[in-house]
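# Commentary on secondary and tertiary structure
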Amino acid sequence: MRLKRNPAIAGQGNTNTPKNVMDGYSHMEIKPFQESDEPELVTILVNADQLSALNMLFHFGRTDNDITFFPAGSGCSTIFLLPFAELRKKEPRAVIGNADITVRTNFEADTLFFTVSGKAFKEMLQDADESFLITPAWDKLKERL
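Residues numbered from 1 in each chain as written. Predicted model: local features only at pLDDT ≥ 70, side-chain atom pairs only at ≥ 80, totals over all residues. Heavy atoms only, no water.

### Quick word on helix H3 (residues 75–86)
What sets the pattern is the α-helix's 3.6 residues per turn: residues three or four places apart point alike. Counted at 1.5 Å a residue, the expected span for H3 with its 12 residues is 16 Å, and the 16 Å between its end C-alpha atoms agrees. In terms of residue burial, H3 counts as a mostly covered element, since nine of its 12 residues are buried. Summarising the contacts, the buried residues of H3 are in contact with strand S1 (41–46), strand S2 (68–69), strand S3 (94–97), helix H4 (101–104) and strand S4 (112–117). (Helix = DSSP H or I, 4+ residues; strand = E, 2+ residues; numbered from the N terminus. Expected span 1.5 Å × (residues − 1). Buried < 20%, exposed > 50% of the residue type's maximum accessible area, 1.4 Å probe, protein only. Contact = heavy atoms within 4.5 Å.)

Next comes the structure, spelled out in structure tokens:
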């Protein structure tokens, strides 16, 4: 596939991939979010402006800057495996996905994934009315959406 320089690098990358992070889950339900839901993870398909907004809203109540990451992994790893690995951390990071060239062909050109814990997503919903989403800058940007 020519996604890594050589087999040794590909093998090491596989060794570094989190293991068993989805153990204990018997099934996965993928559906539109409803406020009554208690999801482990929430993944949103986004364009660049939406990604910017969600990333800023995710950062709204946090002090660290290194809380979102955009890994170079397979489509499945960036939408499932790595976000589930984040759930094991005290402060799970947001994961941006869909950089896998072999998977991107199945999505519109400007589509990325933004995945956060269900807890973080609910916090984002609560913060929305006090965030930049009520500013003239956002009003101008959302005209492009």
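### Some thoughts on the nonpolar core
Judged by nonpolar contacts, the single largest core of 16 residues is most densely connected at Val46, Leu51, Phe58, Phe114, Val116 and Met124. Ranked by residue count, the leading element in this core is helix H2 (residues 48–59), at four residues. Setting aside residues no more than four positions away along its own chain, Leu51 makes contact with Val46, Ile96, Leu112 and Phe114. (Core = buried A, V, L, I, M, F, W, Y, C linked by side-chain atoms within 4.5 Å.)

### Quick word on the pairing of S3
Residues Ala94 and Ile96 point to one face of S3 and Val95 and Gly97 to the other, with burial holding for every one of them. Where S2 meets S3, two bridges bridge the pair, whose relative direction is parallel. From the neighbouring strand, Thr68 faces S3, where its bridge partner is Ala94. In this fold, the crossover linking S2 to S3 by way of H3 has right-handed handedness. Bridge analysis of S3 against S4 gives three bridges, and the strand direction is antiparallel. Each bridged residue has a counterpart across the sheet, and for Ile96 the counterpart in S4 is Phe114. (Pairing = 2+ DSSP bridges. Right-handed = clockwise from strand over helix to strand, strands pointing away.)

### Description of the layout of surface pockets
In this approach a probe as big as a water molecule rolls over the atoms, and the regions it shows empty are the leftover space. Its boundaries defined by the atoms lining it, the largest pocket holds a volume of some 630 Å³. Surrounding the largest pocket, 19 residues form its lining, Met28, Glu29, Ile30, Pro39 and Leu41 being those nearest its centre. Those elements that provide at least two residues to the lining of the largest pocket are S1 and H3. No other element matches S1, which puts four residues into the lining of the largest pocket. Class assignment for the residues of the lining of the largest pocket results in 12 nonpolar, two polar and five charged. The volume enclosed by the second largest pocket comes to roughly 500 Å³. For the second largest pocket, the lining is made up of 19 residues, of which Lys4, Ala72, Gly73, Ser74 and Ser77 are closest to its centre. Those elements that provide at least two residues to the lining of the second largest pocket are helix H1 (7–16) and H3. Considering each element in turn, the lining of the second largest pocket owes the most residues, four residues, to H1. When the residues that make up the lining of the second largest pocket are grouped by side-chain class, the tally is 10 nonpolar, seven polar and two charged. (1 Å grid on protein atoms, 1.4 Å probe; cavity = no way out; pocket = protein on both sides within 12 Å on 5 of 7 lines; lining within 4 Å. Points joined across faces, edges and corners; volume = space filled by probe spheres on them. Nonpolar A, V, L, I, M, F, W, Y, C, P; charged D, E, K, R; others polar.)

Any link to function would need more than the numbers given here.
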